[in-house]
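What follows is the residue order along each chain.
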Amino acid sequence: MNEVGVAIVGGGPAGLQAAITLANKGIKPILFEEHSTIGEPIQCGEGLSIHAFNDFNLPKGDKSFSVKELDTCHLIFPENKTILGDIRATMIRRDKFDQYLSKKAMDLGAEIFTATKVTDIKRKTDGVVIKTKGESNSEYLAKLLILAEGPNAQLAKTLNFQTPSPMIKGFEYKVKEEWSDKLEFHFDSKKFPFGYCWVFPREGETNVGIVTTAKDRKQRLDNFLKKRGITGSVLKKIGGQIPMHGPLKKLYHNRVLLAGDTAGMVNPIFYGGIRMAMTSGRVAGNAASEILKMETDQVNFNHRIYEEKLRQFKFMKRINFQCHRFFYSRSNKFLAKLGEVFDNKYINRIEGAEIYKTLRKILLRPTLLTNPIGLYWLYRGFLIARDWGF
Ligand SMILES: Cc1cc2nc3c(=O)[nH]c(=O)nc-3n(C[C@H](O)[C@H](O)[C@H](O)COP(=O)(O)OP(=O)(O)OC[C@H]3O[C@@H](n4cnc5c(N)ncnc54)[C@H](O)[C@@H]3O)c2cc1C
């Protein structure tokens, strides 16, 4: 059996960032990815917050994976009321982006096996036994395991971890031509329950998608395209599952750390997760390197530092879920009234006398006042989503 310090399952942003972090610290991890090419198939709207570029020192304007920078965002509510958002994002080529991370990890010394599925994991007193099938057909004994296997979390389930639930499904068309010059998020509690439709322009293309709990997603997306006047030919269709309720409570146990979608690290308002996946991967990598140093015997690892470090981030706060629950159970009447108050305004730029005018507008709309605490959750949750939404 091959013995390794840290093994990682999953070659998505969480696993790859964990590998980069560990390799940077001189600990060469081994990473397994079941697909033969990192980043494929794409299951993503491909919007990445500008904050991720700053956090991870990603090259801005690198044409290999950056397609277009957007600094305007419209949140469109029923009756066409539009709230302006300070969300700055880069449209990326998600396959190329993941491949960029993978190359970086390998250049630093991480060992990456593609076309290698981890089929079984078992804890032993001195580590975790990992069985692989594919390009690497072998057994490994890892002192620590970072599970970043995406939303399905099959392996996490076998170790009796709680897994992300419920899930919401996303479905997207890549359409020829640019149909907007900004990021658009269309909310409508009847047409897109618990979600929204997005329009993300790229160079000569647009990603138009829907995320909703409704089962007839394709039909609803087709109707949206018609209403929005988007007629370009469909170049590609993609879809996938997204954890809906945010981070899990328990993120580690006995030599195993969960990261990314496997740990539910998705913002429950916009359902984006790349930046959170990378952040949790980085924190897991840092924690793993500290845990290995702290080791006093082969059993007592201090994993708590992982969760403690992660819980310092705003995306871990319960208010995100409270905002999700409140926002996505409002009627269209409520959403339209909210849109009316902030129509054509940036909420976070309201200052001075404008604050009183806005409060007055809210007070004059009884529909908005049925749950004042909910309004507070909404405000706080959207402020966090602005930075951590995707
Ligand atoms: C339709 C859709 C649109 C989205 N749009 C956006 C967006 O615009 N912006 C954004 O920020 N987020 C978006 N997301 C969410 C984002 O894609 C995820 O949050 C992100 O990919 C999570 O990264 P991860 O590394 O945790 O998991 P993943 O990217 O899912 O990576 C997990 C990897 O593990 C591998 N794996 C699984 N099991 C095994 C195994 N047993 N052995 C070996 N390998 C295994 C998988 O093949 C996969 O490559 C979207 C999601 C969907 C479904």
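This report concerns the structure included in the present document.

What about the environment of Pro243?
By the secondary structure assignment, Pro243 is in strand S16 (residues 234-243). For Pro243, a relative accessible area of 1% gives the class buried. Sequence-wise, Pro243 and Ala263 are 20 residues apart; in three dimensions their C-alpha atoms are separated by 8.9 Å. Setting aside chain neighbours within four positions, we find Pro243 in contact with Pro151, Pro164, Pro166, Met167, Asp261, Gly264, Val266 and Tyr271.

Concerning the packing of aromatic side chains
For the coordinates displayed, the defined rule picks out 29 aromatic pairs. Measuring from centroid to centroid gives 6.2 Å for Phe77 and Phe327, while their planes differ by 70°, and the two rings are edge-to-face. Taken together, the residues Phe77 in strand S5 (residues 73-77) and Phe327 in helix H8 (residues 319-327) connect sequence positions 250 residues apart. Assessed through its relative accessible area of 4%, Phe77 is described here as buried. The buried category is assigned to Phe327, whose relative accessible area is 2%.

Quick look at the sheet that holds strand S4 (residues 66-70)
A sheet is described by the order of its strands in space; here three strands give the open sequence S3-S7-S4, paired in antiparallel fashion. Of all the strands in the sheet, just strand S3 (47-49) and S4 have a single pairing partner and so form its edges. With direction set aside, neighbouring strand axes in the sheet form an average angle of 30°. Of the pairings in the sheet, the one linking S3 to strand S7 (residues 89-92) comprises three bridges and is antiparallel in character. Residue Leu48 lies in a different strand from S7, and its bridge partner there is Thr90.

With respect to unusual backbone geometry
Of the consecutive residues Glu40 and Pro41, the connecting peptide bond is found in the cis state with omega at -5°. Relative to the assigned elements, Pro41 resides in the loop between strand S2 (30-32) and S3. Each neighbour pair has its own omega, and for Ser165 with Pro166 the value is 0°, a cis peptide bond. For Pro166, the position within the fold is in the loop between helix H4 (154-158) and strand S12 (167-176). Of note in the backbone geometry, Glu177 takes a positive phi value of approximately 80° without being a glycine. Positive phi values are uncommon outside glycine, yet Phe194 reaches one of about 65°. Structurally, the position occupied by Phe194 is in the loop between strand S13 (183-186) and strand S14 (196-202). Take Phe194: its relative accessible area is 31%, and that puts it in the partly exposed class.

Quick notes on helix H1 (residues 13-24)
Taking 1.5 Å of rise per residue, the 12 residues of H1 would be expected to cover 16 Å, and the 16 Å separating its terminal C-alpha atoms lies within 8% of that figure. Among the 12 residues that make up H1, 11 are buried, leaving the element largely enclosed by the rest of the structure. Listed as buried for H1 are Pro13, Ala14, Gly15, Leu16, Gln17, Ala18, Ala19, Ile20, Thr21, Leu22 and Ala23. In this structure, the buried side of H1 is in contact with strand S1 (2-9), S2, helix H3 (94-107), strand S8 (111-113), strand S11 (139-147) and helix H6 (274-294). Just beyond H1, the residue with positive phi is Gly26, at close to 85°.

Comments concerning the site of the ligand
Near the ligand you find 36 residues, and of these Glu33, Gly45, Gly47, Asp261 and Ile274 are the closest. Pro13 has a polar backbone atom sitting 3.2 Å from an oxygen atom of the ligand. Between the ligand and Glu34 there is a distance of 3.0 Å, counted from a nitrogen atom to a backbone nitrogen or oxygen. Taking 1,000 Å² as the accessible area of the ligand by itself, protein coverage stands at 90%. Of all elements in the fold, only H1, strand S9 (116-124), S16 and H6 reach the threshold of two or more residues within the shell around the ligand. Residues of the shell around the ligand, tallied by class, amount to 14 nonpolar, 15 polar and seven charged.

Some words on the layout of surface pockets
When its volume is computed, the second largest pocket comes out at roughly 690 Å³. Lining the second largest pocket are 29 residues, and of these Phe342, Ile347, Leu375, Leu378 and Tyr379 lie nearest its centre. Those elements that provide at least two residues to the lining of the second largest pocket are S5, strand S6 (81-85), helix H10 (353-363) and helix H11 (372-388). Here the lining of the second largest pocket gets seven residues from one element, more than from any other, and that element is H11. Partitioned by chemical class, the residues of the lining of the second largest pocket number 24 nonpolar, three polar and two charged.

Things to note about the pairing of S5
The side chains of a regular strand alternate between both faces of the sheet. Taking burial as the measure, the five residues of S5 include five buried ones, the bulk of the element. The two faces of S5 match: Cys73, Leu75 and Phe77 on one face and His74 and Ile76 on the other face are all buried. Direction of pairing for S5 relative to S6: antiparallel, over a ladder of five bridges. Bridging across to S6, Phe77 finds its partner in Lys81.

About the criteria used
Residues numbered from 1 in each chain as written. Predicted model: local features only at pLDDT ≥ 70, side-chain atom pairs only at ≥ 80, totals over all residues. Heavy atoms only, no water. Helix = DSSP H or I, 4+ residues; strand = E, 2+ residues; numbered from the N terminus. Buried < 20%, exposed > 50% of the residue type's maximum accessible area, 1.4 Å probe, protein only. Contact = heavy atoms within 4.5 Å. Phe/Tyr/Trp six-rings, centres within 6.5 Å; stacked < 30°, edge-to-face > 60°. Pairing = 2+ DSSP bridges. Axes fitted to C-alpha atoms, helices over the stretch in contact; angles between N-to-C directions. Expected span 1.5 Å × (residues − 1). Near = heavy atom within 4 Å. Polar contact = N/O pair within 3.5 Å; in protein donor to acceptor, adjacent residues only side chain to side chain. Areas by Shrake-Rupley, 256 points an atom, 1.4 Å probe, with all protein chains shown as cover. Nonpolar A, V, L, I, M, F, W, Y, C, P; charged D, E, K, R; others polar. 1 Å grid on protein atoms, 1.4 Å probe; cavity = no way out; pocket = protein on both sides within 12 Å on 5 of 7 lines; lining within 4 Å. Points joined across faces, edges and corners; volume = space filled by probe spheres on them.

Fair warning: the whole summary comes from geometry, so function is off the table for now.
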